[in-house]
Each structure stands twice: as C-alpha cells, then as structure tokens.
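So you can see what is in the structure, the chains are spelled out below.
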Number of protein chains: 2
Amino acid sequence: MTDVVTPPTSPVSRERSKEIKRSSVISAARSARVLSRAELTELTGLSPATLTPLVRDLIAEGYLIERGPGASRAGRPRAILEFNPRAELVAAVALEPARISCEIADSDGAVIAHRTVRRTGDIVDLICTAVPELAGDGLPALRGVAIAAPGVSTGGAVRLAPSVGLVEARPVGESVQRRLGVPVVVDNDVNLMAAGEHAAGAGTDVADLLLLHVADGIGAGLVLDGQVRRGSGGAAGEVGFLPLDPADRGHDGIGPFEARWSAGAIAERVVALAPGRRPAAPVRALVELAATDERAGAYLAEVLTAWARLIVSCACVIDPGRVLLSGAAADLDDAAVDRLQTLVSAGAPSPTEVRRAVLGDQAVLHGAVSYALSAAASGLSTLLPAP
Amino acid sequence: MTDVVTPPTSPVSRERSKEIKRSSVISAARSARVLSRAELTELTGLSPATLTPLVRDLIAEGYLIERGPGASRAGRPRAILEFNPRAELVAAVALEPARISCEIADSDGAVIAHRTVRRTGDIVDLICTAVPELAGDGLPALRGVAIAAPGVSTGGAVRLAPSVGLVEARPVGESVQRRLGVPVVVDNDVNLMAAGEHAAGAGTDVADLLLLHVADGIGAGLVLDGQVRRGSGGAAGEVGFLPLDPADRGHDGIGPFEARWSAGAIAERVVALAPGRRPAAPVRALVELAATDERAGAYLAEVLTAWARLIVSCACVIDPGRVLLSGAAADLDDAAVDRLQTLVSAGAPSPTEVRRAVLGDQAVLHGAVSYALSAAASGLSTLLPAP
DNA sequence: ATAGTTCGTTCGCCGTAGGAAGGAAGTGTG
DNA sequence: CACACTTCCTTCCTACGGCGAACGAACTAT
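Attention here is on the structure that accompanies the text. (Residues numbered from 1 in each chain as written. Chains lettered and ligands numbered in written order. Predicted model: local features only at pLDDT ≥ 70, side-chain atom pairs only at ≥ 80, totals over all residues. Heavy atoms only, no water.)

**Observations regarding the overall build of chain A**
Looking only at helices and strands, one finds twelve helices and 13 strands in chain A. When burial is assessed residue by residue, chain A has 51% of its 387 residues classed as buried. Carbon together with sulfur atoms contributes 53% to the accessible area of chain A, which is approximately 17,600 Å² in total. (Helix = DSSP H or I, 4+ residues; strand = E, 2+ residues; numbered from the N terminus. Buried < 20%, exposed > 50% of the residue type's maximum accessible area, 1.4 Å probe, protein only. Areas by Shrake-Rupley, 256 points an atom, 1.4 Å probe, with all protein chains shown as cover.)

Following this line, the structure appears as structure tokens:
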C-alpha cells in the first residue's frame with residue numbers, strides 16, 4: 001500500500017472478453033436451471049480450466065448454488081450447480097392514469113413483491129422510492145427497471161400518453177436510471193407484452209411474431225429476429241391507423257380502423273344487440289350472443305373479417321409467421337379463432353399462424369423481465385470502445 | 001526448430017478478439033478511405049502499439065497501401081494509408097428469365113467486370129464458371145457472392161421465381177458456396193435494392209427505411225435497425241397483397257393491390273388515355289400526359305392516392321421513417337412526389353419522409369456489395385435467409 | 001543548429017486462456 | 001476388499017496478445 005496511484009493496464013477489450021464469458025455462463029445456467037461444470041463446458045465451449053475460477057466467483061456472488069454431488073453413471077459424479085433466479089431481480093412499473101403499479105420479479109418472472117400506489121407528486125420520485133422499498137434487501141440484485149406506459153414512444157402516437165400525464169417518456173427513464181443506477185427501459189405496454197410472449201409465452205419457439213392487442217384502441221407489438229422493433233419514430237405497430245377501408249375515418253388521434261373495430265366500438269354494438277349494461281368483456285359477450293342470436297352471429301363474422309384483413313395487412317408488410325391475439329381479441333373462443341385463421345390463410349402471402357396469447361396480465365411483467373435482463377447483458381455488446 | 005509439433009492453443013475466443021480488432025480497423029479504413037495510423041488510434045480506440053503489427057499485416061495483405069508522408073503542421077508528418085477497395089471483391093449475380101448477369105465489383109461498388117450470359121445448363125455450373133472467369137486474378141480477393149432472384153424467398157411468394165426456373169433458392173446458394181468457398185447470399189432483388197440504398201444511396205443516414213419497388217408487381221424491401229428484415233417466411237414486403245380495398249381482387253399469385261396499381265396495370269390505362277404504343281415507362285408517360293390532359297391528371301391523382309394508402313399502411317405497421325420510391329415509382333416528378341408526401345403525412349401516425357431512390361439499376365449491385373461485405377465481416381454462419 | 005512537436009515503433013510487463021497433468025470421487029471387477 | 005477404470009474438477013504452467021513506456025524518426029519554428 002505505498003502508491004496506489006496505479007490503474008495502468010487499460011481496461012479495454014481485456015475485461016470485456018471476461019465479461020462475455022461471464023454472461024455466457026450465466027445465460028447458459030439460466031436456461032438450464034440445474035447443471036454441472038461439465039455441462040457448462042459443453043454449453044459454452046469454454047475449457048474446464050477457465051470455468052473453475054469463473055464458477056467460483058459466480059457462487060460467491062450468489063448466481064449459482066452448489067448442491068452437492070449428483071448421481072454418477074461411472075466415475076466421479078458431477079457436482080450439481082443450481083441457478084439462483086433470485087440473484088437477478090427486475091422491477092416492472094406500469095403507469096396508469098391514476099396510479100402506478102410496481103412489481104419486483106426474479107428472472108423467472110416470478111413476482112416477489114407487488115404494490116400499487118396512487119399517483120402523487122413527481123413520477124420519478126414516486127418510482128425511485130417505491131422500487132427500492134419494495135426490493136428491500138434484494139436491492140443489490142436489481143438488474144433493471146422497465147417502465148410500461150400506454151402508447152408512449154418518442155415521436156408520433158402519443159395519443160394515450162397524455163392520459164398518464166406524460167409528454168416525453170425519455171427524461172423519465174433517464175432520470176430514474178441516474179437515480180437508481182441500473183438500466184431503465186421505457187416502452188409501450190404493447191411492446192412489452194410482445195416481448196413477454198416471446199420470452200415466456202406463446203412465442204418462445206419463434207423468432208418473429210406480432211402481438212395484436214385489442215382494447216380501447218388497437219395496437220400491435222412486433223418482434224422480428226428476436227428483438228422488439230419500434231420503427232424509426234417508435235410508431236411501429238400503430239395498426240389502428242391502417243386505412244383498410246376508404247369509408248372509415250379516424251379522428252383526434254384515433255385511427256380509422258380502431259375507430260370501428262376496437263373493443264370500445266364493439267361494446268357499443270353489443271349493447272345495441274342485447275340491451276343492458278355495457279359489458280366489460282364485449283368480445284366474450286359477443287361470442288356468447290352469437291351462439292343464439294343470428295344478428296350477433298353476423299356481426300361477429302364482420303368483426304372477424306375486419307380483424308383478418310388487419311392481420312393479413314401486417315403479414316404482407318412484415319410476415320411475422322405467428323400472430324398472437326391479446327386483450328379483447330383473446331376472448332375469442334376456439335371456433336372463432338379457427339375462423340379467423342381460415343380467413344387469414346386465404347389472404348396472406350405466406351403461412352401465418354393465429355393463436356391466442358397465453359400470458360394475459362402477466363405479459364407486461366415477463367416483457368419487463370426480458371427487457372431488463374437483456375439490458376443488463378447488452379452492456380457488453382461491443383467488444384471495443386465506441387469510436 | 002526441434003519439435004514443431006505444436007499447433008495446440010485452441011482457437012476459441014483468443015483469435016476472435018483479434019479478428020474483431022482487425023475488422024474494426026478495416027471498416028474504419030474503408031469508410032475513411034485515406035488516413036494515418038494516428039487517426040486509426042482515434043477511430044478504433046486501439047493503442048498505437050497494437051496497431052503497428054496489425055497495420056503491417058493489412059499492408060502485406062493488400063488491404064492498405066502506404067502512400068508516404070503527408071503534410072505536417074508541426075512534428076513528424078503522418079504516414080498516409082490508403083484503403084484499397086480492390087482488396088475486397090464481390091460478385092453480384094442477377095437471375096433473369098433467359099439469362100444471368102454477373103458483375104464483379106470492389107467494395108466501393110465500382111464495377112470491375114461485367115458479363116451477361118445465356119441461361120444454359122445448370123445454374124450452379126454456370127455461376128461457378130462465370131464468376132471465377134470474370135474475377136480473373138482477383139479471385140483470391142473475392143469476399144462473397146450475392147445472387148438476386150426476382151421474388152425468391154423461401155416459403156410463400158414464389159410467384160416470380162418460377163419464371164427463372166427456380167423452385168428452391170437455398171440449394172443453389174449452398175451449392176455455390178461449397179464450390180467457390182466464399183459466403184453466398186441468395187435474396188429477393190427488392191431486398192438487395194433496399195440494402196443498396198441503405199448502404200450507398202438515399203438511406204445512408206437512417207437506420208430504418210422501406211423501399212417501394214413498382215414494376216410488374218409491387219414489392220417492398222425493409223431495413224429495420226440497419227438490417228434487411230425478411231420476416232419469418234421471407235415474405236416481408238409483399239405489399240402487393242395488401243387488402244386495401246374490399247373491391248380489389250388478386251388472382252394467381254398476384255395480390256389485390258398490385259393487380260390494380262402496378263406499372264403494368266397503369267400502362268394499360270395510359271394506353272387507353274393516349275392510344276399508341278404501350279409505353280416502356282408508363283408512370284413517366286402518365287406524368288407528362290397529366291400536364292395537359294385533364295383525365296390523365298385525374299388518374300394520376302388516383303394513382304398517388306392509392307400509393308399513399310399503401311405507404312401509410314406500411315408506416316402503421318413498421319414506421320420506417322423514410323420511404324424510397326423505386327422502379328416505376330421513381331419516375332414521378334418532384335411535384336408528384338410532393339403530393340404523395342402530403343397525402344402520406346395526412347394519414348401516417350408518425351412522420352414519414354417520401355423520396356426517390358437514387359441508385360436505380362445500381363441498387364442491386366450495391367446491395368450485393370453490402371451483403372457480401374457484412375457476410376465476410378460477421379464470418380459466422382448462415383447468411384442464407386430463412387430456415 | 002536547436003528546441004519543440006507529433007508519429008510511429010520496439011521492448012517488455014502483465015494478465016488471461018487454456019493445455020497438461022494430477023487429485024478427487026465415484027463404479028465395476030477379480 | 002483391492003485394484004483398475006472412468007469421469008469430473010482443479011492446480012500448475014506456459015504461450016500469447018494487449019498496451020504502457022521509452023525511444024527513434026521526421027518535420028516545423030525560431
């Protein structure tokens with residue numbers, strides 16, 4: 001301890017390549033859950049000699065837990081290593097008009113803590129106090145925060161953002177990132193759902209998908225080549241604006257298509273068909289009505305035809321291969337989904353599979369987990385310092 | 001020199017990081033064209049000591065040429081290094097119904113040799129003899145081959161491929177790759193054009209763009225986040241199939257939109273408006289006619305409206321930010337492009353800039369260059385589109 | 001000339017990756 | 001029960017690449 005003025009040995013690509021090995025081991029362990037060092041050498045291609053100290057570090061940091069020897073089928077048994085999902089926590093914050101909901105999840109997407117708070121004061125303050133409180137002593141393991149805002153996106157399509165009092169999304173993300181010191185992602189809720197279904201739902205087996213979310217408006221989340229694509233202005237997936245019928249007209253930030261075929265628009269027709277309370281789940285109500293009421297059946301067919309044209313349009317432009325129905329569209333029964341599939345197959349230039357999304361309300365959470373984990377990992381995307 | 005039995009030292013991440021440095025130097029040199037070692041240290045972040053041997057190698061391999069000392073403004077003058085585009089050659093092969101055209105270009109996209117040959121015998125044989133012949137003694141510098149086929153793409157949308165006698169694109173690419181020993185990419189010509197405009201045309205300044213190519217059919221090439229995206233079945237950009245008007249009907253692999261608004265369809269109307277020979281450039285003819293003929297003006301307005309709806313549809317789905325008009329659509333004059341821009345701005349949910357593509361016939365070639373260079377750079381694996 | 005400045009190179013240290021070899025912990029077999 | 005045999009993991013050691021530092025090279029300014 002004479003002269004600690006020495007930080008020579010520049011930290012360039014040397015440390016980076018170590019980081020890369022580290023994260024490749026972590027991600028192998030994350031997907032295998034339980035494995036031995038021997039399996040790690042196969043999965044990562046690293047030599048045993050390289051792995052030994054690396055695994056030692058990871059155990060010390062809590063990423064891996066040594067579980068003692070496993071069964072052996074001749075020879076020394078493999079020491080079982082178990083991945084500890086709690087080693088990586090993620091916060092998902094959903095902005096809603098009057099409140100924010102905040103969840104802490106581990107890297108399996110299992111919710112560890114959950115809270116909803118009224119919107120008071122500054123959003124950034126609110127988030128920056130709620131998240132650490134909720135994370136408690138797990139805070140050091142926090143790897144990222146994902147903030148979901150309805151219809152956010154830079155540039156166009158802020159139509160829903162005003163409802164949560166957000167004009168610019170970016171400053172919020174940057175502020176939180178600075179205050180909490182972890183990567184923060186702010187994105188459209190529909191994009192997060194798409195990421196969630198891709199990571200842990202009905203799209204784990206494909207690289208491309210489109211999630212069609214029908215609610216008060218209609219929006220789509222787009223995964224291409226394994227990544228959520230937002231387009232140049234963040235308005236990718238604004239399919240409610242598709243001009244599929246010259247007769248339709250949008251207004252005030254409502255697109256022409258969604259003006260007529262969103263859950264809200266359908267609800268009005270359902271009320272007309274079956275007077276009474278406005279149904280909370282209009283599509284489910286419509287499907288039930290259609291079983292007995294001929295006029296409802298005809299209208300359901302109209303809805304399916306319109307949605308099919310929407311899906312075909314998307315297929316023509318980006319050919320997602322798989323389309324997931326979310327929100328009100330997930331309320332269709334099997335028969336209706338089949339009819340939709342038939343209509344889509346007739347019009348799409350390439351095979352396009354239509355099915356329901358499976359994560360429901362959990363989709364945003366899983367998307368947040370996936371974002372946050374890849375954000376933490378991508379810190380080392382470039383081996384070399386930027387130009 | 002006793003026992004030179006030692007080639008162990010496994011080629012894992014050690015050599016990779018060297019490769020990365022190498023290619024980062026090459027790409028810096030490629031974009032700067034002329035630079036000194038001192039500039040390389042700034043551009044790449046590598047230390048001078050690391051660069052010295054690396055640059056020596058590159059000079060020996062012909063990538064760089066030392067041009068002697070440059071001007072100095074105090075101190076030792078920088079030794080000028082010039083990037084040698086001839087060090088990296090690329091072959092672009094275009095499949096047409098009756099012939100194939102083959103070009104050798106350097107990494108600037110400058111054509112070094114060109115030949116058109118009649119289609120005789122096996123395509124693979126033809127390519128594998130024509131390319132080496134044309135490359136001549138530059139063959140060792142060949143970094144890749146790009147094969148452009150109209151409407152290829154695996155899965156759906158093989159509508160134009162039969163015209164060149166190709167049912168499956170992949171085997172051709174794989175065979176050529178095996179025979180020539182360099183990376184081979186087979187792709188849709190429109191995708192190649194989009195890549196070309198992105199690399200060297202009207203899209204060098206953006207990460208996302210959509211190239212709308214109007215010919216006998218209508219197709220689009222899609223660049224998102226700097227990469228050409230083909231979709232799950234390779235049918236991304238089949239915008240001719242968009243169902244934008246319930247009245248339109250496609251037939252026999254012709255989409256509903258392109259049946260009515262392609263160059264061929266427009267040509268028929270132009271003939272009706274101004275009897276005579278069927279014009280080779282119907283859109284140009286229409287624009288000229290519209291200056292004097294009122295009916296032609298009305299029809300031009302119709303065409304612009306239809307194309308605008310097409311562009312808006314694409315903007316809603318993927319928000320490319322910039323749309324390039326190619327093929328017959330590039331024949332619009334400035335006034336017509338402005339009108340199109342206005343129509344698009346009125347309907348798109350996000351700012352979308354419409355302009356003409358600039359590379360014309362050279363677009364495919366530049367796309368091929370860009371593909372082949374990135375193929376050589378990323379060294380790894382399947383550059384063939386689609387599973 | 002001499003000093004000053006900037007470029008490029010050689011030298012040598014250091015850290016890391018991974019090969020080789022050896023210890024550890026089991027299962028089968030005489 | 002001893003003794004191979006197999007497989008897993010670790011320790012030792014070497015080769016190699018990156019880069020800091022010092023040095024030589026080339027030119028300007030005074």
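**Examining the side chain of R22 of chain B**
Residue and element names in this part refer to chain B. Position of R22 relative to the elements: it lies in helix α1 (residues 13-32). Judged by its relative accessible area of 19%, R22 is buried. Not counting the four nearest positions on each side in its chain, R22 is found in contact with L54, L58, E61 and Y63. (Contact = heavy atoms within 4.5 Å.)

**Some thoughts on the environment of I311 of chain B**
All names here are of chain B. Tracing the chain through its elements places I311 in helix α10 (residues 294-318). Spatially, the C-alpha atoms of I311 and A348 are 8.3 Å apart, while their sequence positions differ by 37 residues. In contact with I311, not counting residues within four places along its chain, are L212, V323, L325, L340, V344 and T352.

**Observations regarding the packing of helix α9 (residues 282-292) of chain A against helix α10 (residues 294-318) of chain A**
For any two helices packed against each other, one specifies the inter-axial angle together with the distance between the axes. Residue and element names in this part refer to chain A. With their axes 7 Å apart at the nearest point, α9 and α10 run at an angle of 130° to one another. Between α9 and α10, the angle falls in the class oblique. The handedness of the crossing between α9 and α10 is left-handed. Together, V283, L286, V287, L289, A290 and T292 of α9 and E294, A296, G297, Y299, L300, V303 and W307 of α10 make up the contact between the two elements. Of the residues belonging to the contact of α9 with α10, the class tally is ten nonpolar, two polar and one charged. (Axes fitted to C-alpha atoms, helices over the stretch in contact; angles between N-to-C directions. Parallel < 35°, antiparallel > 145°, perpendicular 65-115°, else oblique. Left-handed = near helix turned anticlockwise from the far one by under 90°. Nonpolar A, V, L, I, M, F, W, Y, C, P; charged D, E, K, R; others polar.)

**Section: helix α2 (residues 37-44) of chain A**
Residues and elements named next belong to chain A. Those residues of α2 not exposed but buried are L40, T41 and T44. In an axial view of α2, the angular spread of the buried residues amounts to 100°, which keeps them on one side of the axis. Those residues of α2 that are exposed and angled more than 90 degrees off the buried face are E42 and L43. G45, located one to two residues past α2, shows a positive phi value of around 80°. (Arc of directions from axis to C-beta.)

**Some details on the sheet that holds strand β11 (residues 227-228) of chain A**
All names here are of chain A. One open sheet accounts for five strands, arranged β11-β10-β9-β12-β13; its pairing is mixed. Strands with a single pairing partner mark the edges of an open sheet, and in this sheet they are β11 and β13 (353-356). Bridging between strand β12 (residues 322-327) and β13 involves four bridges; their strand directions are parallel. What sits directly across from V323, in β13, is V354. (Pairing = 2+ DSSP bridges.)

**Some words on the packing of aromatic side chains**
Ring pairs (aromatic) are described by centroid distance and by the angle formed between their planes. All chains considered together, the criterion is met by zero aromatic pairs over all chains. In this structure, R269 of chain A is placed above the aromatic ring of Y299 of chain A, and the distance from its NZ or CZ to the ring centre is 4.2 Å. (Phe/Tyr/Trp six-rings, centres within 6.5 Å; stacked < 30°, edge-to-face > 60°. Lys NZ or Arg CZ within 6 Å of the ring centre and 35° of its normal.)

**Notes on the nonpolar core**
It is characteristic of soluble globular proteins that their nonpolar side chains tend to be buried jointly. Formed by 98 residues in total, the largest nonpolar core has its most connected members in L212, W307 and L332 of chain A together with L212, W307 and L332 of chain B. Sequence-distant contacts of L212 of chain B, that is, excluding residues within four places in its chain, are made with I218, G219, A220, V239, L310, I311, V323, L324, L325 and S326 of chain B. (Core = buried A, V, L, I, M, F, W, Y, C linked by side-chain atoms within 4.5 Å.)

**Some points on the pairing of strand β12 (residues 322-327) of chain B**
Of all the six residues making up β12 of chain B, five are buried; the element is thus mostly covered by neighbouring parts of the structure. Handedness of the β12 of chain B-helix α11 (residues 334-347) of chain B-strand β13 (residues 353-356) of chain B crossover: right-handed. (Right-handed = clockwise from strand over helix to strand, strands pointing away.)

**Remarks on the relation of the copies chain A and chain B**
In screw terms, the move from chain A to chain B is a rotation of 179° and a rise of 0.0 Å along the axis, fitting with an RMSD of 0.2 Å. Put plainly, the chains are arranged around a two-fold axis. For chain A, the minimum C-alpha distance to the rotation axis belongs to L244 of chain A and amounts to 2.3 Å. (Least-squares fit on C-alpha atoms with pLDDT ≥ 70 in both.)

**Details of the interface of chain A and chain B**
Facing the 45 residues of chain A at the interface are 47 residues of chain B. Both faces considered, chain A and chain B share a buried interface measuring about 3,300 Å² in area, 62% of it formed by carbon and sulfur atoms. Joining chain A to chain B, the criterion identifies two salt bridges. Residue R229 of chain A pairs with D225 of chain B through a salt bridge whose shortest N-O separation is 2.6 Å. Where chain A touches chain B, the interface holds 18 residue pairs in polar contact (both at pLDDT 80 or more). Breaking the side of chain A that touches chain B down by element, the ones donating at least two residues are α1 (13-32), β10 (218-224) and α10 of chain A. Its residues assigned to classes, the side of chain A that touches chain B shows 24 nonpolar, twelve polar and nine charged. (Buried area = accessible area lost by both parts, 1.4 Å probe. Salt bridge = Lys/Arg side-chain N within 4 Å of Asp/Glu carboxyl O. Polar contact = N/O pair within 3.5 Å; in protein donor to acceptor, adjacent residues only side chain to side chain.)

**Overview of the sheet that holds strand β6 (residues 111-118) of chain A**
All names here are of chain A. Across the sheet, which stays open at both edges, the five strands sit in the order β6-β5-β4-β7-β8 with mixed pairing between neighbours. Both edges of this open sheet fall to β6 and β8 (184-188), since each of them pairs with a single strand only. Between one strand axis and the next, the sheet turns through 15° on average, direction left out of account. Pairing of strand β4 (residues 89-95) with strand β5 (residues 99-106) involves seven bridges; the strand directions are antiparallel.

**Considering the pattern of salt bridges**
Residues and elements named next belong to chain A. Taken as a whole and judged by the stated rule, the model has 34 salt bridges over all chains. The partner of E39 in a salt bridge is R78, and the shortest N-O contact between them spans 3.7 Å. Taken together, the residues E39 in helix α2 and R78 in the loop between β2 (64-69) and β3 (79-83) connect sequence positions 39 residues apart. Given the relative accessible area of 28%, E39 is considered partly exposed.

**What about the environment of P132 of chain A?**
All names here are of chain A. Along the chain, P132 turns up in helix α4 (residues 123-135). Classification of P132 by relative accessible area gives partly exposed; the value is 22%. Between the alpha carbons of P132 and L142 there is a distance of 9.1 Å; along the sequence they are ten residues apart. Aside from chain neighbours lying at most four places away, what touches P132 is I127, L139 and L180.

**A short note on the packing of helix α2 (residues 37-44) of chain B against helix α3 (residues 48-61) of chain B**
Residues and elements named next belong to chain B. Packing of α2 against α3 leaves a shortest axis separation of 10 Å and a crossing angle of 115°. Between α2 and α3, the interaxial angle falls into the category roughly perpendicular. The way α2 lies across α3 gives a crossing that is right-handed. Each of R37, L40 and T41 in α2 lies in contact with α3, whose residues at this interface are P48, L51, V55 and I59. Residues belonging to the contact of α2 with α3 are distributed by class as follows: five nonpolar, one polar and one charged.

**Focus: unusual backbone geometry**
Residue and element names in this part refer to chain A. Residues other than glycine seldom take positive phi values, yet R33 does so here, at roughly 70°. As for its placement among the helices and strands, R33 is situated in the loop between α1 and β1 (34-36). One non-glycine residue, D225, lies in positive phi territory at about 50°. Tracing the backbone through its elements, the reader meets D225 in the loop between β10 and β11. Take D225: its relative accessible area is 42%, and that puts it in the partly exposed class.

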